[in-house]
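Overview (structure and organization)
Now for the letters of each chain:
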Amino acid sequence: MESTNALGDYLRARREQVKPEEVGIRSIGLRRVPGLRREEVAMLAGISSDYYLRLEQGRDRNPSVQVLDALAEVLRLDADATAYLRGLAQERPAPRRTGEKVPESILELIDGLPNNPAYVQNKYTDCLAVNPLCAALSPNYQVGVNLLSAVLLDPRERELRRDWDDLTEEGVAILRTELGPNVDDPRLKELVGDLSVRSERFRQLWARHDVRPRKSRLSQLTHPAVGELALRSDKLTIGGTDSMTLVIFHAVPGSRDAESLALLGSLIASNDEQPQQNQPSPKD
């Protein structure tokens, strides 16, 4: 489970992933720890070993921006990871408890997209709303399903997603980014605890402390009804909510993927009409 020392945990996880030779340190003999030693990070960042030790142990949680930037450079963090590091050092807000009612206008929007799979999720990746074409992509696109858990635990998702490795890596990193320092969040504790017990893949990825913001991506699918699909997905934050996200899939116009997506839509329409066609004629 996640400890309450988010800053220290992150520093330790990231230094273990930096090879000494990447920062100009010759590695001689057997090293007892992966990555950099604490004293090496401190030396390269221009701070004392004792002060860095206090940061990792959680005895000092308010380093200056200058110290954080120096550590980010040593740990080879990109801009997103550096922003995340700074956020961990800020005062931790209390977890927000808000209702999760999807705005009516958003429901109308996704229902009005018959040619584009679309769904709404919260910051924990719980599915809150979905349109019919999206539900046809995967049985896990339905209200109440935690999408990260489904991708990690449901064997059908491994068969559906040709990019499963990249998707799971990205999904875990986004979850950590979304929650930031709020390690006391009850819902986060529940989700992380469950996945840590049930998924070796999750345990490995969560321990790396990777962070990544939401970005558009290309999803590579092998659908049982229409074959291979490559769909772009755009992730849009819904204003006035607690970090709800609208995800809309689309294919490149005129492409084979667009034809396959249209075929999937026609199969849905055909299935919807089937009960009406099979109804007996009313008796005179």
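Structural data are supplied above this passage.
This write-up is about the structure you can find in this document. A quick note: this is a predicted structure, and the numbers were derived from the prediction, not measured.

1. Comments concerning the sheet that holds strand E2 (residues 127-130)
As summarised here, the arrangement of the 5 strands in space is E2-E1-E5-E4-E3, forming an open sheet in which the pairing is antiparallel. The open sheet has two free edges, formed respectively by E2 and strand E3 (217-223), since each of these has just one partner strand. The average undirected angle you get between the axes of adjacent strands in this sheet is 30°. Across 4 bridges, strand E1 (residues 118-121) lies against strand E5 (residues 245-250) in antiparallel orientation. Each bridged residue has a counterpart across the sheet, and for glutamine 121 the counterpart in E5 is threonine 245.

2. Observations concerning the nonpolar core
Grouped together as the largest cluster of nonpolar side chains are 29 residues, with contacts concentrated most on Tyr10, Leu11, Ile47, Leu71 and Leu85. Residue assignment for this core shows that the elements contributing at least two residues are helix H1 (6-15), helix H2 (38-45), helix H3 (49-57), helix H4 (65-74) and helix H5 (79-88). Of all the elements, H4 adds the most residues to this core, at 6 residues. The contact partners of leucine 11, leaving out residues within four places of it in the chain, are Tyr52, Leu55, Glu56, Leu71, Leu75 and Leu85. In this structure, Tyr119, Cys127, Leu133 and Leu261 belong to the second largest nonpolar core, which totals 20 residues.

3. Quick look at the packing of H2 against H3
Put simply, H2 and H3 touch, their axes get as near as 8 Å, and they point 115° apart. The handedness of the crossing between H2 and H3 is right-handed. For the pair H2 and H3, the contacting residues are Arg38, Glu39, Val41 and Ala42 in the first and Ser49, Tyr52, Leu53 and Glu56 in the second.

4. With respect to empty space enclosed by the protein
According to the stated counting rule, one finds 2 cavities of 30 Å³ or more in the structure shown. In this structure, the largest cavity encloses a volume near 400 Å³. Lining the largest cavity we find 29 residues, and of these Tyr119, Gln121, Leu147, Leu167 and Lys235 sit closest to its centre. If you list the elements that add at least two residues to the lining of the largest cavity, you get E1, helix H8 (147-153), helix H10 (164-179), E3, strand E4 (227-237) and E5. Considering every element that reaches the lining of the largest cavity, the biggest residue donor is H10, with 7 residues.

5. With respect to the environment of leucine 218
Structurally, the position occupied by leucine 218 is in strand E3. When the C-alpha atoms of leucine 218 and alanine 230 are compared, they prove to be 6.5 Å apart, with 12 residues separating the residues in sequence.

6. Let's talk about the environment of tryptophan 206
Examined against the element boundaries, tryptophan 206 turns out to sit in helix H12 (residues 200-208). In sequence terms tryptophan 206 and valine 143 are 63 residues apart; their C-alpha atoms lie 25 Å from each other.

Rules behind the numbers
- Residues numbered from 1 in each chain as written.
- Predicted model: local features only at pLDDT ≥ 70, side-chain atom pairs only at ≥ 80, totals over all residues.
- Heavy atoms only, no water.
- Pairing = 2+ DSSP bridges.
- Helix = DSSP H or I, 4+ residues; strand = E, 2+ residues; numbered from the N terminus.
- Axes fitted to C-alpha atoms, helices over the stretch in contact; angles between N-to-C directions.
- Core = buried A, V, L, I, M, F, W, Y, C linked by side-chain atoms within 4.5 Å.
- Buried < 20%, exposed > 50% of the residue type's maximum accessible area, 1.4 Å probe, protein only.
- Contact = heavy atoms within 4.5 Å.
- Left-handed = near helix turned anticlockwise from the far one by under 90°.
- 1 Å grid on protein atoms, 1.4 Å probe; cavity = no way out; pocket = protein on both sides within 12 Å on 5 of 7 lines; lining within 4 Å.
- Points joined across faces, edges and corners; volume = space filled by probe spheres on them.

Geometry only, nothing functional implied.
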